[in-house]
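# Descriptive structure summary
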Amino acid sequence: MQRWRILPALVAAAVSVPAPAAVADPVADPAPAPEGKVLNGVTTLAAPVPVPDVPNGISADKVLVIGLDGLRHDRIAPADAPNLDALISGGTFGTSLLYTSPMAATSSGPGWSTIATSVWPDLHGVKDNTFAGKHYDQYPDFLTRLENTNAAYSTYAALDWKPLADQGTFGPRIDARVALDGDADGYPAEDERVTQVSETVLRTRNPDASFVYLGAIDIAGHGSGAGSAAYLTAIHDADARIGRLLAAVRARPSYASERWTVVVATDHGHTDAGGHGGSSIEERRTFVLASGPGIAAGARPADTRLVDVTAAVFTGLRLAVPGGIDGRRVDTRTGDPFEGVTLSGRTDETGIPAGVLGYSHTPPSGWSADASRMPSGGVQEWRGWAFTTDEFWSRAARDQQRELNVRSRGIFAVADSDEWDDKSHETGTFDSTLVSPAYTVTGRASVTLAYATHYRVDGAQKAQVLVSFDGGADTLVKNYTADAIARNESLRVTVPAGATSMRVKFHYFDATNNWYWAVDDLRVS
Ligand SMILES: [Zn+2]
């Protein structure tokens, strides 16, 4: 079905004129008074949005995704935001950091494309707000994906950053789209109209999956900064609108027999002074918050990332997570043993706040990190393979593409000769090997090694993946000779006849002031 509409610019009426009656709302909902806006010095009232045709859905499982533009998550707690607070305490709240340029800017085009498609910008192609290079044909938004799975699903989207409709970030196969123009008509007023029409749709129609976008928080960030009282007020206002959307859901006559999942996400953060697009930690802050059946209350996973919204939507509808996306479920953890490593604060690094955890040289059970060939000295954090996080590692040195390690999650392993070499050390080069536990390979002709990696090469540095069967000699299975940016690797390895166990080794060596290698989430199957 293709019953969507792009609405024309709003009809504004001067306050001296009675507000127009609700237009084209077949159930004649009592519309709350729209928020006033100032146009050429005259306060006007916006006409309510006509309620679109939303086809009758097919599922008692329902999902509502709420997009809040430019919400820096550490500003939720100081704001008066009881609805977000309740979703956080009753749901799973995974915070993470964005990529930076040259992968993509921390701006809305790439951010919403990442949320909608649940692949990273190197796949969806949107690097900035020109949307040049978009591949929505190959990587559609989650509502379009749902239509492609079964066109009988009822899908609805309402937004007031118009490029998300015009550019097809939320595409034309969605059953009903309401696209307002906050840039032209003002975000607080258009957020209000998005909320009103969405309340009606959620309460009186029957969509299976919905996306509601509110833009005013980002505008407050640009105008006054994320450190301002005005920003907290904008969070409060959006929170009140979220409360109305949730109340509309609960007011559904069929609510008691339904199973609702609510997801909230943001496209980027903001600096304290206001603004984003760059590489500061504050601009890179994002989150995915999910609440609903099967989703743990109060969970704060470190391994959730912004690409996880599609999986949350499909899981909420009790559908399998689509293949070919970067996203994972938010309600289950992968069991990556690196997530269990205990991290410390900085030792030799000077640019990382003392409270930011951190790093460790102690691997999880079964793993080992051989630093016996490392010269003494150098920056302690990076002396040999270390375990670290996106925030700690990218704070160590900004704008050297450490921020592009998007296919790692939570805690990952790093060999960083560039940072290690920033402090004096005994003559010699970085030489360290990370060794996996012994995996059982009895009776197998071959196995597959899968892992996420992020490798940047300079000079003589070398990076090799080796395997050893039953404690025997190492066999080279991968030799990196060029950059491998944010890559998922999958290596087929032949198992010798009679072998029973195999260890995997990541050997980084012949390196000083060169670059680095990151590895995460090794799986042997
Ligand atoms: Zn913005």
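Look up: the structure comes first, before these words.
Presented here is a report on the structure given in the accompanying data block. (Residues numbered from 1 in each chain as written. Predicted model: local features only at pLDDT ≥ 70, side-chain atom pairs only at ≥ 80, totals over all residues. Heavy atoms only, no water.)

Close approach of charged atoms allows side chains with opposite charge to pair. Taken as a whole and assessed by the stated rule, the structure comprises 31 salt bridges. Among the ionic pairs, Arg244 bridges to Glu199, the shortest N-O distance being 2.8 Å. Of this pair, Arg244 sits in helix H9 (residues 229-250) while Glu199 is found in helix H7 (residues 187-204), placing the two residues 45 residues apart along the sequence. Residue classification places Arg244 among the partly exposed positions, given a relative accessible area of 23%. Measuring nitrogen to oxygen at the nearest pair gives 3.4 Å for the salt bridge that ties Glu391 to Arg285. Here Glu391, found in helix H12 (residues 390-396), pairs with Arg285, found in strand E10 (residues 285-291); they are 106 residues apart in sequence, far enough to count as distant. The same class applies to Glu391 as to Arg285, namely buried. A cluster of three or more residues bridged by salt bridges with shared partners is formed by Glu192, Glu199, Arg241 and Arg244. (Salt bridge = Lys/Arg side-chain N within 4 Å of Asp/Glu carboxyl O. Helix = DSSP H or I, 4+ residues; strand = E, 2+ residues; numbered from the N terminus. Buried < 20%, exposed > 50% of the residue type's maximum accessible area, 1.4 Å probe, protein only.)

In the contact formed by helix H1 (residues 82-89) and H9, the axes pass within 7 Å of each other and the chain directions differ by 65°. Classed by the angle they form, the pair H1 and H9 counts as roughly perpendicular. In this structure, H1 contributes Pro82, Asn83, Leu84 and Leu87 to the contact, and H9 contributes Ile235, Asp239, Ala240, Ile242, Gly243 and Leu246. In terms of residue class, the contact of H1 with H9 is made up of 7 nonpolar, 2 polar and 1 charged. (Axes fitted to C-alpha atoms, helices over the stretch in contact; angles between N-to-C directions. Parallel < 35°, antiparallel > 145°, perpendicular 65-115°, else oblique. Contact = heavy atoms within 4.5 Å. Nonpolar A, V, L, I, M, F, W, Y, C, P; charged D, E, K, R; others polar.)

We now examine the coordination of the zinc ion. For a metal bound by four donors in tetrahedral geometry, the ideal donor-metal-donor angle is 109.5 degrees, whereas six donors in octahedral geometry ideally sit at 90 or 180 degrees. The protein atoms donating to the zinc ion are Asp218 (OD), Asp218 (OD), His222 (NE2) and His276 (NE2), with metal-donor distances spanning 2.1 to 2.5 Å. Classification of the site at the zinc ion rests on its 4 donor atoms, whose angles at the metal span 55 to 146°, yielding the label irregular. (Donors = N, O, S within 2.8 Å, 3.2 Å for Na, K, Ca; no water. Tetrahedral: all angles 85-135°; square planar, octahedral: opposite > 155°, others 65-115°.)

Quick look at the nonpolar core now. One finds Trp382, Trp385, Met502, Phe506, Tyr508 and Trp517 to be the most contacted residues of the largest nonpolar core, which totals 50 residues. Those residues in contact with Phe506 that sit more than four places away from it in its chain are Trp385, Ser432, Thr433, Leu434, Tyr451, Gln464, Val465, Trp517, Val519 and Leu522. If you look at the next biggest cluster of nonpolar residues, it comprises 46 residues, including Val65, Val126, Tyr153 and Leu404. (Core = buried A, V, L, I, M, F, W, Y, C linked by side-chain atoms within 4.5 Å.)

To continue, consider the sheet that holds strand E14 (residues 411-416). Taken in spatial order, the 6 strands line up as E11-E13-E14-E22-E17-E20 in an open sheet, and their pairing is antiparallel. The open sheet has two free edges, formed respectively by strand E11 (359-360) and strand E20 (484-494), since each of these has just one partner strand. In this structure, strand E17 (residues 446-456) lies alongside strand E22 (residues 516-524), joined through 7 bridges in antiparallel fashion. Among the inter-strand pairings, Arg456 is bridged to a residue of E22, identified as Tyr516. (Pairing = 2+ DSSP bridges.)

It is worth spelling out the sheet that holds E10 at this point. By definition, the strands of a sheet pair up through backbone hydrogen bonds, in either a parallel or an antiparallel sense. Strand order in this open sheet of 7 strands is E5-E10-E9-E4-E8-E6-E7, and the pairing throughout is mixed. What marks the edges here is a single partner per strand, and that holds for strand E5 (92-97) and strand E7 (176-179). Within this sheet the neighbouring strands show an average axis-to-axis angle of 10°, counted without direction. Relative to E10, strand E9 (residues 259-265) runs antiparallel, the two sharing 4 bridges.

Our focus in this paragraph is the pairing of strand E6 (residues 155-159). With 5 of its 5 residues buried, E6 lies for the most part within the structure. Covered by surrounding structure in E6 are Thr155, Ala157 and Leu159 together with Tyr156 and Ala158, the residues of both alternating faces. Here 4 bridges tie E6 to strand E8 (residues 209-214), and the two strands are oriented parallel to one another. Within the sheet, the bridge partner assigned to Ala157 lies in E8 and is Phe211.

Moving residue by residue along a regular strand, the side chains alternate between the two faces of the sheet. Burial analysis of E8 places 6 of its 6 residues in the buried class, the great majority of the element. Going residue by residue along E8, you find Ala209, Phe211 and Tyr213 tucked away on one face and Ser210, Val212 and Leu214 tucked away on the opposite face as well. Pairing of strand E4 (residues 61-68) with E8, which is carried by 6 bridges, proceeds in the parallel orientation. Following the sheet pairing, Gly67 is matched in E8 by Tyr213.

Attention now moves to helix H11 (residues 309-316). Most of H11 sits out of view: 8 of its 8 residues are buried. In this structure, the buried side of H11 is in contact with E4, helix H2 (108-117), helix H4 (142-149), E9 and E10. Just downstream of H11, Arg318 is the residue with a positive phi angle, here 55°.

The geometry of H7 relative to H9 is characterised by a closest axis approach of 8 Å and an angle of 10° between their N-to-C directions. Here H9 runs roughly parallel to H7, going by the angle between their axes. Residues Pro188, Asp191, Glu192, Thr195, Gln196, Ser198, Glu199, Leu202 and Arg203 of H7 touch H9, and the partners they reach there are Arg241, Arg244, Leu245, Ala248 and Val249. Taken together, the residues that form the contact of H7 with H9 break down as 5 nonpolar, 3 polar and 6 charged.

This brings us to the environment of Arg407. Structurally, Arg407 can be placed in the loop between H12 and E14. Under the relative-accessibility criterion, Arg407 is labelled buried at 11%. As a C-alpha pair, Arg407 and Pro363 span 44 residues in sequence and 20 Å in three-dimensional space. Dropping the residues within four chain positions of it, Arg407 is found in contact with Trp120, Asp122, Leu123, Asp326, Ala452, Ala486, Arg487 and Asn488.

Among the secondary structure elements, Thr266 is positioned in the loop between E9 and helix H10 (281-284). For Thr266, a relative accessible area of 0% corresponds to the buried category. At a separation of 2.6 Å, a polar atom in the side chain of Thr266 contacts the main-chain carbonyl oxygen of Leu68. Within polar-contact distance, the side chain of Thr266 engages the backbone nitrogen of Gly70 at 3.2 Å. Among residues more than four places away in sequence, those in contact with Thr266 are Leu68, Asp69, Gly70, Leu71, Trp112, Ile115, Arg285, Thr286, Phe287 and Leu306. (Polar contact = N/O pair within 3.5 Å; in protein donor to acceptor, adjacent residues only side chain to side chain.)

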